[in-house]
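# Architecture at a glance
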Amino acid sequence: MTNGGKIVMEDQACLLCGSARVAVRQNSLGDVEEGLPGEYTIGQCAECELVFLARRPCGASLPECYGDSYHAVAARRYRGFSGVLYDLRYYFRYRQLQAWFPKGSLRILEIGCGDAKLLLAMEKALGDRAELLGLDYAVAAIALPANSKIKLIQGDIQTAPIEGKFDVILMFDVLEHLADPVGCLTRIRRGLKAGGLLIGQVPNWNSLWRRVFPRCWSGLQVPRHMSFFTPATLRKTLAKGGFDNVRLKPVFDPGDLSVSLCNWLVRRRRWPGKPRGLKIYIPLTLAAAPVVALQNMLGDSGAIFFVAKLPS
Ligand SMILES: [Zn+2]
């Protein structure tokens, strides 16, 4: 229920096991990145230890949480040097994925394809070897080159008309947004061929920068993020969705530090503007790289990369 654009809140039981035994981890959290009104509570399930948004917008209010300025939508406006860095990010993401892809022809679906940058990088590299489909809420705004064979589908994984099965399904920075992660994983599993792969990434609740910036960490993004995974709870969630064979890897992500810092500058130092719109954001991301490389070497990372394989 929305109330003239106002967000209606509800208390939420554990998204993974349904338990109502929830300990408050953080309350009175604000939406630092988008400036949405409201105060949010993050809780932790006493049964399965999942950390999740325990007081959150009700389902009908969720679209109110994503405006045009939301960074995943606004990303397509990057120009100049920041545009080069943005393209590089997807080139390296493809390189990271490539090692996991099976040989031969591939049918690949990307859930939450954003502005289709990763799909375009894959089309360039894989050519006719791959049939590529992208799913997102606002695909009409995506401008593909005229010779692209990428198919775009509007909607969400639970309801979109997606036919046939896939060798690979990708979901980067998606699982943490879902109101029903286990239900979506179950649908995804049914959409994979035998031996198929689900590959994706989520923010890591155990990240050092979450402890340094408890109210400004880049992975918070309340109320758009609903689950906050550790490696252990990510494994439990994937297993409950039917994925038992899972590999997890740390991710090199300097943005985890630079966005957290920009969030802190806007929230605590009252710098005007949105955190990712600050002029200092890109230089800070470059400066953060060696620090985050050291963090990774010490076994900690801002995000978790996962590969889940179905039995052949
Ligand atoms: Zn639970």
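Look up: the structure comes first, before these words.
Now for a quick tour of the structure. (Residues numbered from 1 in each chain as written. Predicted model: local features only at pLDDT ≥ 70, side-chain atom pairs only at ≥ 80, totals over all residues.)

## So, helix 6 (residues 231-240)
- Buried within helix 6 we find T233, L234, T237 and L238. One side of helix 6 holds all its buried residues, which, seen down the axis, span an arc of 140°.
- Residues of helix 6 that are buried sit in contact with helix 4 (181-190), strand 9 (192-203), strand 11 (245-250) and strand 12 (303-309).
- The positive-phi residue at the C-terminal boundary of helix 6 is G242, with phi of around 105°. (Buried ≥ 20, exposed ≤ 12 C-beta atoms within 10 Å, placed from the backbone. Helix = DSSP H or I, 4+ residues; strand = E, 2+ residues; numbered from the N terminus. Arc of directions from axis to C-beta. Contact = placed C-beta atoms within 7 Å.)

## A closer look at the sheet that holds strand 9
- Reading across from one edge, 7-6-5-8-9-12-11 is the order of the 7 strands in this open sheet, with mixed pairing throughout. In the strand order of this sheet, the two ends are held by strand 7 (151-154) and strand 11, each with one partner. Direction aside, neighbouring strands of the sheet carry axes that sit 15° apart on average.
- As paired strands, strand 5 (residues 106-111) and strand 8 (residues 166-172) are joined by 3 bridges and run parallel to one another. Within strand 8, the position partnered with L109 by the bridge is I169. (Pairing = 2+ DSSP bridges. Axes fitted to C-alpha atoms, helices over the stretch in contact; angles between N-to-C directions.)

## Examining the packing of helix 2 (residues 80-98) against helix 3 (residues 117-126)
- Following both chains from N to C, one finds helix 2 and helix 3 inclined at 60°, their axes separated by 9 Å at the closest point. It follows from the interaxial angle that helix 2 and helix 3 lie oblique. Relative to helix 3, the crossing made by helix 2 is right-handed. Taking contact as the criterion, the partners of D87, Y90, Y91, R93 and Y94 in helix 2 are, on helix 3, K117, L118, A121, M122 and A125.
- For the contact of helix 2 with helix 3, a count of residues per class yields 7 nonpolar, no polar and 3 charged. (Parallel < 35°, antiparallel > 145°, perpendicular 65-115°, else oblique. Left-handed = near helix turned anticlockwise from the far one by under 90°. Nonpolar A, V, L, I, M, F, W, Y, C, P; charged D, E, K, R; others polar.)

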